[in-house]
Amino acid sequence: MSQKYADIIIDISHEAIDRTFQYIIPETLLDEIFIGSVVNVPFGRGNRLRQGYVIGISETPNWELDKMKEIAGITKGALPIYTQMIQLAEWIRDTYGSTMIQALKTVMPVKETVGKREPKIQAPQCEIPPVVEKLNPEQERLVREFQADYMQGIRRTYLLHGITGSGKTEVYIQAVRAVVKEGKAAILLIPEIALTYQTVARFQSYFGERVSVIHSKLSKGEKYREFMRAQNGETDVMIGPRSALFAPFSNLGLIILDEEHDNAYKSETNPKYHARETAIYRAKLANASCILGSATPSMESYAKAMDGTYRLWELTERAGEGNTAKVSIVDLREELRQGNRSILSNELYQKMQAAFERNEQVMLFINKRGYNSFVSCRKCGEAMKCPRCEVSLSLHGNGYLMCHYCGHIERKPTACPKCGSKLIGGYGTGTEKVEAEVKRCFPEIRTLRMDRDTTLRKGAHGDILSAFSRREADCLIGTQMIVKGHDFSNVTVVGIILADLTLFDSDFKASERTFDLLTQAAGRAGRGEKKGCVVIQTYKPEHYAIATAAEQDYKKFFELELAYRRILKYPPIYHMLAVLVMSKEPELADEIAACVCQAIKESIREADAERDGAVIGPGEAYISKINDVYRRVVYVKHLQYNVLQRAKEKSEQMFAEKYQDTDGSVQYDFNPMSMI
Ligand code: ADP
Ligand code: ZN
Ligand code: ZN
């Protein structure tokens, strides 16, 4: 048998993970050492025995043999949680193509000193639904099934498809209760903590101090402290965004992903892991169950529920007060024909007026911030573009043009920079313009706006929601920030100003995103006793994403969308790898992209797997330049995931050989959430 060597990191929790040490594996231990093993190794000059973790095994030594030390032994009674986390890191490395160190940094609670305590964000005073002691029969059946499965040792993934307001949160709480009763812990992932105080508050009313919450505004030290509480068994439930998934519970029994379709579950930095897939793998390692919940499940998850991989659970009725809202579609082309040039259609205007008269509240949703989405010259057609990016500048109410990609800001010019004409005008509608229009139509109405510009300040989110909840405003206008999860019992009218905005994205997920947004936005109306209505304004009422959202028919949307994905070879039928090539020199970007494309094609040919896939590109990215960096793309679609993994490896080899020392760079993204 040949000699083997182990890459070992020493004492994960006490130092930043930045390097590994290679040790010889003694022959007597060859069969017992694998990735994730906890071992004792002589370390430093005194050769004091320290604990280390094996994160890689190879057959080639990196040092002269007589300078290398041997592993002393395997640690008995080591915390198995670290073994599990290292295995999870290994899976992340293999699945998403990162380095082991990147993967470890993602999953491991790396110690950071707890700095000065940051001031706590004031929780908004929102309406918090009362504790529900009697579940309804639909909920009851699901909770019982979960308990029965759990007690019998059955571990699986459940997909809870429940319309907004159907009481999914109560099902989560009862499922968590069931595992906590067995002495196990649970993790609840939510897309953006700042937006879901209501969920946190409800969990706290059941589990009190045994709930730990992390969010993006915590310092690294504070987050580490919460993770240590989990590790030491001081808490039973960890709630937080994506990274809460790595809470080091050694007795994990359940992972829940609320709003499982949300894009926030995909990491944007390396490793570009998806929290859903990673949660399912972690659950498998820990012998835990998973619950994925959504009113609009992702195509991926629903397809898996259809083929029996996941157990499908459905909640079809609103649980508490309130009925599903009545949805109507307004054809904006017709509106124009009738001479109405306002952003508000007649129908929406009338419904808002009636609501205001009854002292009820209104929410208006538009997926663009700013005043106008672009500014151009009426004489020569020149559009004002960002000097650093291939995008139009948005006009903001303060008279400034802003690039939403690099943050560039300039004053709106008084004359066209190309022809000198003074006829420059703004087009396209953003949140600020909607607010101005509401104020013009209803001068006595108090408005609040919630978008990235109004929520820069820490705690601003909560303040706006609290104020709206206290009825200090009659109309809340916002971007997708306002559509998720909030329960305002006095909101009876929800208006979607322009449903088509997300449809224009040249993206295979554009329809899915539109359907999600419309459904979630519609779910905001009529949460209380009063009847609610939703008005969807669109230029494309016949588009299936809009029509099925108005009918609130998820299943129909899913069938139509799946057929489209099948024809065009997109996920979830095919796997996809997106490759992004970047360089400050456009010619170099083109050249690298062409070589990447060639390397990938060769690799697929070598695997004799050309039939089951397609390579698209090279081409310009959707936004071909950001911050003076040129962007090119190659997309690979294939039925077999490992063909994509190999293609990536080949492309990386090619890059290392030819372009290592240039300013070019390449990023890989498996099953991306959108086109680049
Ligand atoms: P979802 O998460 O599915 O959108 P929630 O869990 O937020 O729905 O529940 C919506 C509302 O219904 C909440 O106010 C909740 O307190 C209430 N609710 C949930 N289950 C019941 C029940 N069994 N009986 C009465 N009210 C319920
Ligand atoms: Zn001009
Ligand atoms: Zn820019």
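These numbers come from a predicted model, not from an experiment.

Q: How should the packing of helix α14 (residues 544–551) against helix α15 (residues 554–567) be read in this particular structure?
A: Between α14 and α15, whose axes approach to 9 Å, the crossing angle comes to 160°. When the axis of α14 is compared with that of α15, the two are roughly antiparallel. The crossing of α14 and α15 is left-handed. Here α14 contributes Tyr544, Ala545, Thr548 and Glu551 to the contact with α15, which in turn contributes Lys556, Phe557, Leu560, Glu561 and Tyr564. Taken together, the residues that form the contact of α14 with α15 break down as five nonpolar, one polar and three charged.

Q: Looking at this structure, how should I read the coordination of the zinc ion (ligand 3)?
A: Four donors placed tetrahedrally about a metal ideally form angles of 109.5 degrees, and six donors placed octahedrally ideally form angles of 90 or 180 degrees. Taken together, the protein donors to the zinc ion (ligand 3) comprise Cys386 (SG), Cys389 (SG), Cys403 (SG) and Cys406 (SG), at separations of 2.3 Å. For the zinc ion (ligand 3), the four donor atoms are set out with angles of 106 to 113° between them, so the coordination reads as tetrahedral. In the primary sequence, the donor residues of the zinc ion (ligand 3) line up as C-x2-C-x13-C-x2-C. Of this pair, Cys386 sits in the loop between β15 (374–377) and β16 (394–395) while Cys403 sits in the loop between β17 (400–402) and β18 (409–411), and the two are 17 residues apart along the sequence. Its relative accessible area of 5% is what places Cys386 among the buried residues.

Q: Hey, could you run me through empty space enclosed by the protein in this one?
A: In this approach a probe as big as a water molecule rolls over the atoms, and the regions it shows empty are the leftover space. The final tally for this structure, using the stated rule, is four cavities of 30 Å³ or more. Looking at the largest cavity, its volume works out to about 80 Å³. Here the lining of the largest cavity is composed, by residue class, of one nonpolar, two polar and four charged.

Q: For this particular structure, what's the right way to read the coordination of the zinc ion (ligand 2)?
A: Note on the zinc ion (ligand 2): its protein donors are Cys377 (SG), Cys380 (SG), Cys416 (SG) and Cys419 (SG). The metal-donor distances range over 2.3 to 2.4 Å. Here the zinc ion (ligand 2) is ringed by four donor atoms whose angles at the metal span 105 to 114°, and the overall shape comes out tetrahedral. We note that the donor set of the zinc ion (ligand 2) lies within a single chain, spaced as C-x2-C-x35-C-x2-C. Of this pair, Cys377 sits in strand β15 while Cys416 sits in the loop between β18 and β19 (424–427), and the two are 39 residues apart along the sequence. Cys416 matches Cys377 in its accessibility class, with the two residues each being buried.

Q: Mind showing me how you'd approach the site of ligand 1 here?
A: Gln139, Gly165, Gly167, Lys168 and Arg202 are the nearest of the 18 residues found near ligand 1. Interatomic distance of 3.2 Å between a backbone N/O atom of Asn136 and a nitrogen atom of ligand 1. A total of 560 Å² of accessible area belongs to ligand 1 in isolation, and the protein chains cover 81% of it. Residue classes in the shell around ligand 1 are distributed as five nonpolar, eight polar and five charged.

Q: Please explain the sheet that holds strand β27 (residues 665–670) as it appears in this structure.
A: Taken in spatial order, the four strands make up an open sheet running β25-β26-β24-β27, and their pairing is antiparallel. Edge positions in the open sheet fall to β25 (613–626) and β27, since each of these has one partner strand only. Each neighbouring strand pair of the sheet contributes to a mean axis angle of 20°, computed without reference to strand direction. Across eight bridges, the pairing between β25 and strand β26 (residues 629–638) is antiparallel. If you follow Ile616 over to β26, its bridge partner there is Tyr635. Contacts between helix α16 (residues 586–606) and the sheet are confined to β24 (575–583), β25, β26 and β27, with β26 contributing the most and set at about 15° to the helix. Across the sheet, helix α17 (residues 641–658) is in contact with β24, β26 and β27; its angle to β27 comes to roughly 175°.

Q: Explanation requested: the environment of Ser376 in the structure shown.
A: Mapping Ser376 onto the fold places it in strand β15. Spatially, the C-alpha atom of Ser376 lies 7.7 Å from that of Tyr427, the residues being 51 residues apart in sequence. With residues near it in sequence (within four places) discarded, Ser376 still touches Gly381, Glu382, Ala383, Leu423, Ile424, Gly425 and Tyr427.

Basis of the calculations
The numbering scheme is per chain: residues are counted from 1 as the chain's sequence reads. Ligands are numbered from 1 and chains lettered from A, in the order in which they are written. Under the rules for a predicted model, residues below a pLDDT of 70 receive no local features and side-chain atom pairs below 80 are neither given nor counted, while totals for whole chains, interfaces and linings still include all residues. As a rule here, side-chain values cover all heavy atoms of the structure and leave hydrogens and water aside. Working convention: axes come from line fits to C-alpha atoms, limited for helices to the stretch in contact. Angles between N-to-C directions cover 0 to 180 degrees. A run of H or I in DSSP becomes a helix once it reaches four residues, and a run of E becomes a strand once it reaches two; helices and strands are each numbered from the N terminus. Working definition: roughly parallel below 35 degrees, roughly antiparallel above 145 degrees, roughly perpendicular at 65 to 115 degrees, and oblique for all remaining angles. A clockwise turn of the near helix away from the far one marks a right-handed crossing, whereas an anticlockwise turn of less than a right angle marks a left-handed crossing. Contacts are assigned to residue pairs that have any heavy atoms within 4.5 Å of one another. Following the grouping adopted for this structure description, the nonpolar residues are Ala, Val, Leu, Ile, Met, Phe, Trp, Tyr, Cys and Pro, the charged ones are Asp, Glu, Lys and Arg, and the polar ones are all others, Gly among them. Only nitrogen, oxygen and sulfur atoms qualify as donors, provided they sit within 2.8 Å of the metal or within 3.2 Å for Na, K and Ca; with water excluded from the atoms, sites may seem incomplete. Site shape is set this way: if four donors have all angles between 85 and 135 degrees, tetrahedral; if opposite donors are over 155 degrees apart and all others between 65 and 115, square planar for four donors and octahedral for six; otherwise irregular. Burial status follows relative accessibility: with a 1.4 Å probe on protein chains alone, a residue under 20% of its type maximum counts as buried, one over 50% as exposed, and anything between as partly exposed. Whether a set of points on the 1 Å grid over the protein atoms alone is a cavity depends on a 1.4 Å probe fitting there but being unable to get out, while an open set qualifies as a pocket with protein on both sides within 12 Å along at least five of seven lines; lining residues are those with an atom within 4 Å of a point. Grid points are joined across faces, edges and corners, and a volume is the space filled by probe spheres set on the points. Definition of nearness: a residue and a molecule or strand are near each other if at least one heavy atom of the residue lies within 4 Å of the molecule or strand. A 3.5 Å cut-off defines polar contacts: any pair of N or O atoms within that distance qualifies, except that in protein one atom must be a possible hydrogen donor and the other a possible acceptor, and neighbouring residues in sequence count only when both atoms are side-chain atoms. To be clear on the numbers: accessible area is Shrake-Rupley with a 1.4 Å probe, and residue cover counts the displayed protein chains and nothing else. Paired strands, in this sense, are two strands between which DSSP finds at least two bridges.

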